[in-house]
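# Observations on the model geometry
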Amino acid sequence: MSITAPFDNSYARLPRSFYTRQNPVPVRAPQLIAYNESLGALLGLSAATEAERAAVFSGVDLPEGAAPLAQLYAGHQFGSYNPQLGDGRALLLGEVIGSDGRRYDIQLKGSGPTPYSRMGDGRAWLGPVLREYVVSEAMHALGIPTTRALAATLTGEDVIRETVLPGAVLTRVAASHLRVGTFQVFAHRRQIDELRQLTDYAIARHYPQADGPLGLLRAVCAAQAELIAGWMSVGFIHGVMNTDNSAISGETIDYGPCAFIDDYHADTVFSSIDRAGRYAYSNQPHIAVWNMAQLATSLLQQLDDPQAAVAEATQIVHAMPGQTEAAWLRRMGAKIGLTGPTPEDVPLIEGLLTLMQDQGADFTNTFDALARSDARDQFVDRDAFDAWAEGWRARLATEQDPQATMQAASPRVIPRNHRIEEMIQAAVAADYAPFHRLMAALTDPFDTQDTGLMRAPTKDERVAATFCGT
Ligand code: AMP
Ligand code: MG
């Protein structure tokens, strides 16, 4: 008896040109590292033993009703178009309708080669699997739209990267895995029937009120604007905002060399492959617009008279910076205690960020101190903070309960890079205590008492670069 799930696989009912049917390649010695009980319950997965879970979530056993497939997509990577990407190390097991009435994809990542693997081995190693598990669940707890982590398993097999590393599989759950790149692949190939079917599918699945391709564009732009503002408000840097890593649902997807800012600087980049800083912290709102322009270009191809719609599509994409700015203002305003911030409050927010940048103040800890203790201690030049705080206190005079506003908007704990690295190193040595400690604190990010995980890294602890999750 394996795990049962109420599968209803709508993507598998789309034409074969959308994917390739493919089973996971079984692994030698599956072992369960982590399982997300509450998410499993939401998805309607049956109770199961640890061994059964290890077998299913490493791809050894297929649950009844699963219809595994590798999805086709393309995408712009660092600005250059790659005509074919696709699930090279992942498989969609199937979809279920959760107890909340929403449809979810269940995907294995690291499950073996597919026709889209190109030179890759289709596998993942333990580090990126645990990184994605921790960071995606942390994002969820922070209230930012994201794919989620259902399980992490060891495969009992080695993965060869620069060194020999333990192989692992992540089971990921998403509102869907539709990407900007899924639209691009059909638009660039002039497969207009497929493009239309994909558009209808995306509308039905994510934005049923949307009216046609431009309605879909409008909805995705709004969701992406909200998402990026969420990232900015917690100091998150995605690191690889390629169009194949940009989800139509508006969820954060594909956690690679992502990282949270420690000491604040607007130009922060962690990813070792992002040499030009294309995906730097402060560039993320612009890149999201760029990605939506690619979506617009693709969507237009299906219209009988694309030229006639260019003006409207342009107007939709051009509205996005204003939407991101508004969402940013709402979230950042709340972080300094404002319930109804207006554009006139932007200089106050920017003033604090400039102060933080000039003095290397820690992003999370400064806002935590503002909300819960005294932020003055976060600055070397306290007089400069006092000068800013004078205007701030004056502005707060009309707020009912700024402390509560700030506390609800500023987490105390984020998955800091040095803690992630420490957790991965321990896990490679079969010590999962740091993983569990991180998960426990990050599940309750606004109220954690774990001061060890709240502490900013020392100079020696600081992680300078993060690497791609392959
Ligand atoms: P990502 O890093 O998730 O943005 O991946 C970019 C592309 O490379 C996607 O098409 C992945 O499926 C593919 N890819 C990444 N790692 C591997 C791997 N180990 N084996 C096969 N394909 C991979
Ligand atoms: Mg990707």
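Only a predicted model underlies this, so the values are computations on that prediction, with no experimental measurement involved. (Residues numbered from 1 in each chain as written. Chains lettered and ligands numbered in written order. Predicted model: local features only at pLDDT ≥ 70, side-chain atom pairs only at ≥ 80, totals over all residues. Heavy atoms only, no water.)

## Quick look at the overall build of the protein chain
Heads up, the rule is: Secondary structure elements follow DSSP: runs of H or I of four or more residues count as helices, runs of E of two or more count as strands, with numbering from the N terminus. This radius of gyration counts C-alpha atoms alone. The globule rule is 2.2 Å times how many residues there are, raised to the power 0.38. For each residue, the accessible area found with a 1.4 Å probe, counting protein chains only, is set against the maximum for its type, and the residue is called buried under 20%, exposed over 50%, and partly exposed in between. Should any heavy atoms of two residues lie within 4.5 Å, those residues are considered in contact. Only the protein chains shown count as cover for residues, with accessible areas throughout obtained via the Shrake-Rupley method and a probe of 1.4 Å. Positive residues here are Lys and Arg, negative ones are Asp and Glu, while His and the chain termini are left out of the count. Think of each charge as sitting on NZ of Lys, CZ of Arg, CG of Asp or CD of Glu.
Counting secondary structure elements, the protein chain contains 16 helices and 12 strands. A compact globule built from 470 residues should have a C-alpha radius of gyration of about 23 Å, and the protein chain, at 22 Å, falls within 12% of that. Dimensions of the protein chain, computed from the C-alpha atoms along their principal axes, are close to 65 × 60 × 40 Å. A total of 470 residues make up the protein chain; the buried ones form 60% of that total. Residue pairs at least 24 apart in sequence account for 72% of intrachain contacts in the protein chain once pairs closer than 6 positions are excluded. Accessible surface, the protein chain: about 18400 Å² in total, of which carbon and sulfur atoms supply 51%. One way to put it: in the protein chain the 38 positive side-chain charges average out to a point 4 Å from where the 54 negative ones average out.

## So, the coordination of the magnesium ion (ligand 2)
Heads up, the rule is: For Na, K and Ca the donor cut-off is 3.2 Å, and for all other metals it is 2.8 Å, counting N, O and S atoms only; because water is absent from this set, sites may look incomplete.
The magnesium ion (ligand 2) binds to the protein through Asn-245 (OD1) and Asp-254 (OD); the donor distances cover 2.0 to 2.2 Å. Overall, Asn-245 belongs to the buried group, its relative accessible area being 13%.

## Describing the pattern of salt bridges
Selection criterion: Criterion for a salt bridge: a side-chain nitrogen of Lys or Arg within 4 Å of a carboxyl oxygen of Asp or Glu.
Within this structure, the stated rule accounts for 29 salt bridges. Of the charged contacts, one joins Arg-103 and Glu-95 as a salt bridge, the two residues approaching to 2.7 Å between their closest N and O atoms. Looking at Glu-95, the relative accessible area reads 1%, which means it is buried. For Arg-412, the salt bridge identified is with Asp-368, shortest N-O distance 3.0 Å.

## Re helix 3 (residues 126–141)
Where we set the bar: The span you would expect from a helix comes to 1.5 Å times its residue count less one.
Relative to the 22 Å expected for 16 residues at 1.5 Å per residue, helix 3 spans 23 Å between its end C-alpha atoms, a close match to the ideal helical length. Across the 16 residues of helix 3, 14 count as buried, placing the element largely inside the fold. A positive phi of about 85° marks Gly-143, the residue just after helix 3.

## Comments concerning the environment of Met-406
You can see Met-406 is positioned in helix 13 (residues 402–409). In this structure, the C-alpha to C-alpha distance between Met-406 and Lys-335, residues 71 residues apart in sequence, is 4.7 Å. Other than its neighbours up to four places away in sequence, Met-406 contacts Ala-334, Lys-335, Ile-336, Gly-337, Leu-370, Ala-371 and Trp-392.

## Comments concerning the packing of helix 14 (residues 417–428) against helix 15 (residues 433–442)
So the rule is basically this: Angles here are taken between N-to-C directions and fall from 0 to 180 degrees, while the axes themselves are lines fitted to C-alpha atoms, restricted in helices to the stretch in contact.
At their nearest, the axes of helix 14 and helix 15 sit 7 Å apart, and the two run at 145° to each other. Contact residues: Arg-419, Ile-420, Met-423 and Ala-426 in helix 14; Pro-434, Phe-435 and Leu-438 in helix 15.

## Description of the nonpolar core
Our working rule: Side-chain atoms within 4.5 Å are what join buried Ala, Val, Leu, Ile, Met, Phe, Trp, Tyr and Cys residues into a set we call a nonpolar core. Domain limits in this description derive from either an automatic procedure or a database domain assignment.
Counting residues in hydrophobic clusters, the biggest one holds 129 residues, and the most contacted among them are Tyr-11, Leu-217, Ile-336, Leu-370 and Trp-388. With 14 residues, helix 6 (residues 212–234) is the single largest residue contributor to this core. Taken domain by domain, this core gets at least three of its residues from each of domain 1 (11–174) and domain 2 (329–409). The next biggest cluster of nonpolar side chains, apart from the first, holds 21 residues, and it includes Ala-54, Ala-66, Tyr-104 and Ile-106.

## Things to note about helix 8 (residues 306–318)
Where we set the bar: Here the bend at a residue means the angle between the axes of two seven-residue stretches, the one that ends at it and the one that starts at it.
Over its 13 residues, helix 8 runs 18 Å from end to end, which matches the ideal 18 Å to within 8%, given 1.5 Å per residue. Its maximal kink placed at Glu-312, helix 8 deviates by approximately 25°. Its buried side turned inward, helix 8 meets helix 6, helix 7 (284–300) and helix 9 (320–335).

## What to know about the packing of aromatic side chains
Aromatic rings in a pair are described by how distant their centres are and how their planes are angled relative to each other. Rules: The aromatic pairing rule takes the rings of Phe, Tyr and Trp, using the six-membered ring of Trp, and pairs them if the centres are within 6.5 Å, calling planes under 30 degrees apart stacked, those over 60 edge-to-face and the rest tilted. Two conditions define a charge sitting above a ring: the NZ of Lys or the CZ of Arg must be within 6 Å of the ring centre, and it must be within 35 degrees of the ring normal.
For the structure shown, the criterion picks out 16 aromatic pairs. One aromatic cluster is present, formed by Tyr-11, Phe-18, Tyr-19, Phe-186 and Tyr-201 through successive ring pairs. Geometry around Tyr-35 places Arg-53 over its ring, the cationic atom sitting 3.8 Å from the centre. One Lys or Arg, Arg-179, reaches over the ring of Tyr-73 and ends 4.3 Å from the middle of that ring.

## Some details on the packing of helix 4 (residues 180–188) against helix 5 (residues 192–206)
A pair of packed helices is captured by two measures, namely the crossing angle of their axes and the spacing between those axes. Using the following cut-off: These descriptions rest on fixed angle ranges, namely under 35 degrees for roughly parallel, over 145 for roughly antiparallel, 65 to 115 for roughly perpendicular, and the rest for oblique. In this scheme, a crossing is called left-handed if the near helix is turned counterclockwise away from the far one by less than a right angle; it is called right-handed if the turn is clockwise. Any residue outside Ala, Val, Leu, Ile, Met, Phe, Trp, Tyr, Cys, Pro, Asp, Glu, Lys and Arg is labelled polar, Gly included; the first ten of those are nonpolar and the last four are charged.
For the pair helix 4 and helix 5, interaxial distance at closest approach is 9 Å and the crossing angle is 160°. One way to sum up the angle between helix 4 and helix 5 is to call them roughly antiparallel. Once helix 4 is placed against helix 5, the crossing between them reads as left-handed. Contacts between helix 4 and helix 5 involve Thr-182, Phe-183, Phe-186 and Ala-187 from the first element and Glu-194, Leu-195, Leu-198, Thr-199 and Ala-202 from the second. The class makeup of the residues in the contact of helix 4 with helix 5 is 6 nonpolar, 2 polar and 1 charged.

## What to know about the domain arrangement of the protein chain
Entries for the protein chain in the domain assignment read domain 1 (11–174) and domain 2 (329–409). Computed from C-alpha atoms alone, the centre-to-centre distance between domain 1 and domain 2 is 40 Å.

## Digging into the environment of Thr-398
The criterion, for reference: Pairs of N or O atoms are called polar contacts if they sit within 3.5 Å, as long as, within protein, a hydrogen donor faces a hydrogen acceptor (for residues adjacent in sequence, only side-chain-to-side-chain pairs).
Along the polypeptide, Thr-398 turns up in the loop between helix 12 (382–396) and helix 13. As for Thr-398 and Leu-338, which are separated by 60 residues in sequence, their C-alpha atoms are 9.2 Å apart. A polar contact of 3.5 Å, which involves the side chain of Thr-398, links it to the side chain of Arg-395.

## Quick look at unusual backbone geometry
Even without a glycine there, the phi angle at Phe-78 is positive, about 50°. Along the chain, Phe-78 falls in the loop between strand 4 (75–77) and strand 5 (80–82). Positive phi values are uncommon outside glycine, yet Ala-430 reaches one of about 65°. Structurally, the position occupied by Ala-430 is in the loop between helix 14 and helix 15.

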